[in-house]
Amino acid sequence: MVAKQLEPRLKVIAIDGPSASGKGTVAARVANVLNRDYLDSGALYRLTALYARQQHINWQDESGVAVLAKNLPVIFHNECILLDSKDVTAEIRAEDIGMGASAVAALPAVRDALLQRQRNFLTSKGLVADGRDMATVVFPQAELKIFLTASATVRAQRRALQFGIANNGIEYQQILTDIEKRDQTDRTRLVAPLKPACDAKILDTSLLTIEESVEKVLDWYRKI
Ligand SMILES: Nc1ncnc2c1ncn2[C@@H]1O[C@H](COP(=O)(O)OP(=O)(O)O)[C@@H](O)[C@H]1O
Ligand SMILES: Nc1ccn([C@H]2C[C@H](O)[C@@H](COP(=O)(O)OP(=O)(O)O)O2)c(=O)n1
């Protein structure tokens, strides 16, 4: 019998998890420490949702949105994101665009359209990639897979803090509701649902500082 060849590991640290769990913050810092590139895959879904809105394409129109996703006129320049030559770095972070991203991300043709673009971020320098399906679909051969999470209330409190909103009012309640709604959409969709890869390490950051979360990921990395 011929032994099955193991696929080579990729120089990728994949960090998946729900909204506001701290994926982006931790992934960017780990990339910085290891001198690797960083892929914020959620930004591509957010850009797709924004571009569709600008072009008056409905977020449910699968083929229409997929064509836009395939041809996104986007430039990542340092910390800035340009769409059609316009700086949309702040605009894509709005919660309604997050909801739109979650909606277009449930469409298989849109995910297909963005797949190769995400893989193209990997160069010999190595990559730290964050999203929902980095470990399960985009880079199943990643050398390290992390599922970063935190309770919904902690995540809502973090978002509120980020937006300068108090922790007890109506606006906070809306953030919590939006986070739970987005969790539900991302976890229950048929294609590439949010879930830990079977070989992922789970990191609950509810009680951790950013520094402790980063250190834990680096610690796992050193032990590969
Ligand atoms: N332990 C922690 N780990 C990561 N981020 C944290 C932590 N504690 C607080 N934060 C904050 O949570 C907020 C959400 O983080 P972000 O990286 O945007 O999450 P995500 O990319 O998962 O949506 C940021 O303001 C970040 O500074
Ligand atoms: N790899 C990815 C990244 C994001 N998405 C979808 C699902 C998410 O709700 C939206 C927005 O993702 P993003 O990571 O920017 O959102 P958060 O910063 O975690 O709130 O995009 C996805 O389906 N797959």
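The chain is annotated in an unreviewed UniProt entry as Cytidylate kinase from Snodgrassella alvi. According to its UniProt record, the chain has this under Sequence similarities (unreviewed entry): "Belongs to the cytidylate kinase family. Type 1 subfamily." If you open the UniProt record of the chain and go to Subcellular location (unreviewed entry), you find "Cytoplasm".

Visitor: Residue-level account of the overall build of the chain, with values.
Guide: Across its full length, the chain holds nine helices and eight strands. The C-alpha radius of gyration of the chain comes to 17 Å, within 12% of the 17 Å expected for a compact globule of 224 residues. With the C-alpha coordinates of the chain rotated into their principal frame, the extents come out at 55 × 40 × 35 Å. Within the span of the chain, comprising 224 residues, buried residues form 39% of the whole. The long-range share in the chain, meaning contacts at least 24 apart out of those at least 6 apart in sequence, stands at 75%.

Visitor: Tell me about the sheet that holds strand β8 (residues 201-204), residues and numbers included.
Guide: With parallel pairing, five strands are arranged side by side in an open sheet as β2-β6-β1-β7-β8. The open sheet has two edge strands with one neighbour each: β2 (37-40) and β8. Ignoring strand direction, the axes of neighbouring strands in this sheet form an average angle of 20°. As judged from the five bridges shared by strand β1 (residues 10-16) and strand β7 (residues 142-149), these two strands associate in the parallel manner. Along β7, the bridge assignment pairs I13 with L144. Relative to strand β6 (residues 127-131), helix α1 (residues 23-34) is tilted by about 180°, and along the sheet it contacts β1, β2, β6 and β7.

Visitor: Before we move on, can you summarise the sheet that holds strand β4 (residues 80-83) with the specific residues and values?
Guide: Strand order in the open sheet made by the three strands is β3-β4-β5, with antiparallel pairing throughout. At either end of the open sheet lies a strand with only one pairing partner, and these are β3 (74-77) and β5 (86-87). In the sheet, β3 pairs with β4 via four bridges, with the strands oriented antiparallel. When the sheet's bridge partners are listed, V74 is paired in β4 with L83.

What counts, and where the lines are drawn
- Residues numbered from 1 in each chain as written.
- Chains lettered and ligands numbered in written order.
- Predicted model: local features only at pLDDT ≥ 70, side-chain atom pairs only at ≥ 80, totals over all residues.
- UniProt positions renumbered as here; feature names shortened; annotations may be inferred.
- Helix = DSSP H or I, 4+ residues; strand = E, 2+ residues; numbered from the N terminus.
- Rg over C-alpha atoms; globule rule 2.2 N^0.38 Å.
- Buried ≥ 20, exposed ≤ 12 C-beta atoms within 10 Å, placed from the backbone.
- Contact = placed C-beta atoms within 7 Å.
- Pairing = 2+ DSSP bridges.
- Axes fitted to C-alpha atoms, helices over the stretch in contact; angles between N-to-C directions.

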